[in-house]
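# Notes for the structure review
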Amino acid sequence: MAEQTATSQSAGAAGLIPGGRTGRSDTGAAPGKPDAAVVRDALGVGIAVGLSGFAFGVTSAGSGLTLLQTCALSLLVFTGASQFALVGALAAGGNPYTAAAGAFFLGVRNAFYGLRLSQLLALPRALRPFAAHWVIDETTAVTLPQPTRRAARIGFTVTGLTLYVLWNLTTLVGALGAEALGDTDAWGLDAASPAVFLALLAPMLKSATERVTAALAVLLALGLLPVLPAGVPVLLSALAAPVVLFLMGRAKKAENADGAERAGEHR
């Protein structure tokens, strides 16, 4: 997890970003996105999503959790979808163990994000446990498109830090002001985080294959949502990727076979 730095001295103090401006391979200078642009994008995501912690605070307080329990969830769990799933199940009268299991399954996706980000960020071993706490949808969405390792580290750290601070502050404010606000469903605040994530994801779907995979994943998740516990449909929607790849492979083989057959006829 690397903090964005303006000078080599601050980089040394943070101990997270190498002194030189290098690409992901760290093999030399590489043109990349300006630091200011990375910070701007990361702040935009961190602030937009961080403010939705207010909705979580209100929802959590409404579900019967205490102020301490609500704040502890944001501090220690820090994955919005899982937090909302937990308090939503509790508010609906669900069993606490079932609610916790659903939240856990929903958070498993962060482990898959971590596999990719660990290679991309290449952080020192001592920092990886701390960085793991910030591996969520938004930090992943900001980090992956960056052209260089330096930009990726900056994007990850600025997004994670901004989001973590704001999410916890707004959780506290929301929990304290729950009674004054009333019904959060009427405000629609819980839709802020998914909306921002979709806005980040859409520009990354550049090819037809990516768009088809995303569409199939959405259909799987929506179709399984009514019949499976919370979190499981999201995990199973990942099956869209191998399905699309398998179908594409078969189509390509058929196309190659047709091409070879035609070539044989022309001989």
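Given the structure is predicted, the values throughout are model-derived calculations rather than measurements.

### Thoughts on the confidence of the model for the protein
Of the residues in the protein, 76% have a pLDDT of 70 or more, and the chain-wide mean is 79. Across residues 1–30 the pLDDT falls below 50, and counting only partners more than four positions away or on other chains, this stretch makes 64 contacts in the model.

### Re the packing of helix H6 (residues 96–107) against helix H7 (residues 109–121)
Remark: H6 packs on H7, axes separated minimally by 4 Å, with the N-to-C direction vectors making an angle of 20°. The orientation of H6 with respect to H7, classified from their angle, is roughly parallel. Packed against H6, whose contacting residues are Phe105, Leu106 and Gly107, the element H7 presents Arg109, Asn110 and Ala111 at the interface.

### Considerations on the environment of Leu222
Mapping Leu222 onto the fold places it in helix H13 (residues 208–224). According to the relative accessible area criterion, Leu222 is exposed, its value standing at 56%.

### Focus: the nonpolar core
Residues Phe56, Leu73, Phe78, Leu117, Leu121 and Phe156 are the most contacted members of the largest nonpolar core, which totals 33 residues. Contributions of two or more residues to this core are made by helix H2 (35–50), helix H3 (53–62), helix H5 (80–91), H6, H7 and helix H10 (149–176). Filtering out sequence-adjacent residues up to four positions away, Leu121 remains in contact with Thr143, Arg149, Ala152, Arg153 and Phe156.

### Regarding the packing of helix H4 (residues 67–77) against H5
Closest axis-to-axis distance for the H4/H5 pair is 10 Å, and the angle between their directions is 150°. It follows that H4 is roughly antiparallel to H5 by the angle criterion. Here H4 and H5 pass one another in a crossing that is right-handed. Taking contact as the criterion, the partners of Leu73, Ser74 and Val77 in H4 are, on H5, Gln83, Leu86 and Val87.

### Quick look at the pattern of salt bridges
Per the counting criterion, the structure on display carries 3 salt bridges. Across the salt bridge formed by Arg40 and Asp41, the nearest N and O atoms sit 3.3 Å from each other. According to the relative accessible area criterion, Arg40 is exposed, its value standing at 55%. A residue is classified by how much of its surface remains accessible, and Asp41, at 28% relative accessible area, is partly exposed. Linking Asp137 and Arg109 is a salt bridge whose minimum nitrogen-to-oxygen distance equals 2.9 Å. Taken as a pair, Asp137 in helix H9 (residues 137–143) and Arg109 in helix H7 lie far apart in primary sequence, 28 residues in all. Across this residue pair, the class does not change: Asp137 and Arg109 are buried.

### What about the packing of aromatic side chains?
Taken as a whole, this structure holds 6 aromatic pairs when the rule is applied. Judged by centre distance (6.1 Å) and plane angle (20°), the rings of Phe56 and Trp167 are stacked. With Phe56 in helix H3 and Trp167 in helix H10, the pair connects residues that are 111 residues apart, well separated along the chain. Residue Phe56 shares its accessibility class with Trp167, and that shared class is buried. Ring geometry for Phe104 and Phe105: centres 5.8 Å apart, planes at 65°, overall edge-to-face.

### Overview of unusual backbone geometry
Although it is not a glycine, Phe78 adopts a positive phi angle of roughly 50°. Phi at Ala122 takes a positive value of approximately 50°, unusual for a residue other than glycine. Relative to the helices and strands, Ala122 is located in the loop between H7 and helix H8 (128–132).

Cut-offs applied
The numbers attached to residues start from 1 for each chain and follow its sequence in the written order. Only residues with pLDDT of 70 or above have their local features reported here, since the model is predicted, and side-chain atom pairs are shown and tallied only from 80 upward, although totals for entire chains, interfaces and linings are computed over all residues. Only hydrogens and water are removed before side-chain values are computed, so all heavy atoms of the structure are retained for them. Along the chain, pLDDT gives the predictor's confidence residue by residue, from 0 to 100. In this description, contact between two residues means that some pair of their heavy atoms is separated by no more than 4.5 Å. In this description, a line fitted to the C-alpha atoms serves as the axis of each element, helices being fitted only across the stretch in contact, and the angle between N-to-C directions of two axes falls anywhere from 0 to 180 degrees. Elements are defined by DSSP. Helices are runs of H or I of four residues or more, strands are runs of E of two residues or more, and each kind is numbered from the N terminus. Comment on the angle field: the value is read as roughly parallel under 35 degrees, roughly antiparallel over 145, roughly perpendicular from 65 to 115, and oblique elsewhere. Relative accessibility thresholds used throughout: buried, under 20% of the residue-type maximum; exposed, over 50%; partly exposed, between the two (1.4 Å probe, protein chains only). Only buried residues count toward a nonpolar core, which is a set of Ala, Val, Leu, Ile, Met, Phe, Trp, Tyr and Cys residues joined through side-chain atoms within 4.5 Å. In this scheme the crossing of two helices becomes right-handed for a clockwise turn of the near helix relative to the far one and left-handed for an anticlockwise turn of less than a right angle. Salt bridges are defined by distance alone: a side-chain nitrogen of Lys or Arg within 4 Å of a carboxyl oxygen of Asp or Glu. Each Phe, Tyr or Trp ring (for Trp, its six-membered ring) is paired with any other whose centre lies within 6.5 Å, and the angle between the two planes then decides the class: stacked below 30 degrees, edge-to-face above 60, tilted in between.

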